[in-house]
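Listed below, chain by chain, are the residues.
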Amino acid sequence: MPTPVLSSPIAYGTHPPSHPAPAPPPDGYWNLDQIFAGSSFNAYSKNGRAYLLFEAQAALKQKSHYKAPVDGKVGQGTHKAIVSFQSANGLQPNGQLDSATVAALGLSGMDDKSDWSAPARKRSSRSSSGQSSDGDDDEPNWWRTNVADPFKRAFRR
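*Asks:* Before we move on, could you go through the side chain of Gln 86 and cite the residues and values that matter?
*Replies:* Within the fold, Gln 86 resides in helix H2 (residues 76–88). Within the local environment of Gln 86, its side chain forms a polar contact with the backbone nitrogen of Gly 95, the two atoms lying 2.9 Å apart. The contact partners of Gln 86, leaving out residues within four places of it in the chain, are Leu 91, Gln 92, Pro 93, Asn 94, Gly 95, Gln 96, Asp 98 and Thr 101.

Now the structure itself:
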């Protein structure tokens, strides 16, 4: 009986890695110019790429991969969310919004939005009483109404 010839040096019972580990970005995340490298979206305007990133963050958040605010800005949270999504979907986990990742997020048909700008973030402010206000005067402060004020009334001297 002839000895079987293996066509690869992989040992029996082991599997080759599905994707080689990519080199990590130097700052822990790709900048806006690097995150779209190798895709047609790299030719978009800076605002168009930021808009696509904004939409990608929203899609990643909807799929429970992204926890930070959706703001269209790169950072470590965005990078980790993209890598997590790519790994979960059998894509190369490189942290970039390449064509395959953008398609998997359902965003491949987006046009360049050169006039887009990120929405202003809603900032909480402190009132003179020290209570946090989110700027929405139509809704009462739930904590104050349901917890703090009744607690104060219960323990008045």
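*Asks:* Can you lay out the environment of Ser 45 for me, pointing to particular residues and giving the numbers?
*Replies:* Locating Ser 45 in the fold gives a position in the segment before helix H1 (46–62). When its relative accessible area of 22% is taken as the criterion, Ser 45 is described as partly exposed. Separated by 69 residues in the primary sequence, Ser 45 and Ser 114 place their C-alpha atoms 5.5 Å from one another. The residues contacting Ser 45, other than those within four sequence positions of it, are Asp 112, Lys 113 and Ser 114. In this structure the side chain of Ser 45 is engaged in a polar contact, spanning 3.0 Å, whose partner is the backbone nitrogen of Gly 48.

*Asks:* Pulling in residues and values, what's your account of the nonpolar core?
*Replies:* Counting residues in each nonpolar core, the largest one holds 25 residues, and the members touching the most others are Ile 35, Phe 36, Leu 52, Leu 60, Leu 97, Leu 105 and Leu 107. Elements supplying a minimum of two residues to this core: H1 and H2. At 8 residues, H1 tops the list of elements feeding residues into this core. Not counting the four nearest positions on each side in its chain, Leu 105 is found in contact with Ala 56, Ala 59, Leu 60, Lys 63, Phe 85 and Leu 97.

*Asks:* Requested: an account of H1, with residues and values cited.
*Replies:* Its 17 residues place the ends of H1 24 Å apart at the C-alpha level, agreeing with the 24 Å of an ideal helix rising 1.5 Å per residue. Taken as a whole, H1 has its buried residues at Gly 48, Arg 49, Ala 50, Tyr 51, Leu 52, Leu 53, Phe 54, Ala 56, Gln 57, Ala 59 and Leu 60. Buried residues along H1 sit against H2 and helix H3 (99–104). One or two positions beyond H1, positive phi appears at Ser 64, with a value near 65°.

*Asks:* I'd love a proper account of the packing of aromatic side chains, names of residues and values included.
*Replies:* Aromatic ring pairs are described here by two measures, namely the spacing of the ring centres and the angle between the planes. According to the stated counting rule, one finds 4 aromatic pairs in the structure shown. Consider the rings of Phe 54 and Trp 116, whose centres lie 5.3 Å apart with planes at 50°: the pair is tilted. Pair noted here: Phe 54 is in helix H1 and Trp 116 is in the loop between H3 and strand S1 (125–126), with a separation of 62 residues, a long-range link. Judged by relative accessible area, Phe 54 falls into the buried class, the value being 16%. In this structure Trp 116 comes out as buried when scored by relative accessible area, which is 14%. Grouping aromatic residues by their ring pairs yields a cluster made of Phe 36, Phe 41 and Tyr 44.

So, how was this worked out
Along each chain, numbering runs from 1 in the same order as the chain's sequence is written. Local features in this predicted model are restricted to residues of pLDDT 70 or higher, and side-chain atom pairs are both shown and tallied only at a pLDDT of 80 or more, whereas totals for entire chains, interfaces and linings draw on every residue. Excluding hydrogens and water, the side-chain figures rest on all heavy atoms present in the structure. Each helix corresponds to a stretch of at least 4 residues labelled H or I by DSSP, and each strand to a stretch of at least 2 residues labelled E; elements are numbered beginning at the N terminus. For the purposes of these results, a polar contact is taken to be a pair of N or O atoms within 3.5 Å, where, inside protein, one atom must be able to donate a hydrogen and its partner to accept one; residues adjacent in sequence count only when each atom of the pair is a side-chain atom. Any two residues having at least one pair of non-hydrogen atoms within 4.5 Å are treated as being in contact. Only protein chains enter the area calculation, which uses a 1.4 Å probe; residues under 20% of their type maximum are buried, those over 50% are exposed, and those in between are partly exposed. Here, nonpolar core refers to any group of buried Ala, Val, Leu, Ile, Met, Phe, Trp, Tyr and Cys residues whose side-chain atoms link them within 4.5 Å. To estimate the expected span of a helix, subtract one from its residue number and multiply by 1.5 Å. Classification of ring pairs rests on two measures: the distance between centres of Phe, Tyr or Trp rings, Trp counted by its six-membered ring, which must be within 6.5 Å, and the angle between planes, read as stacked under 30 degrees, edge-to-face over 60 and tilted in between.

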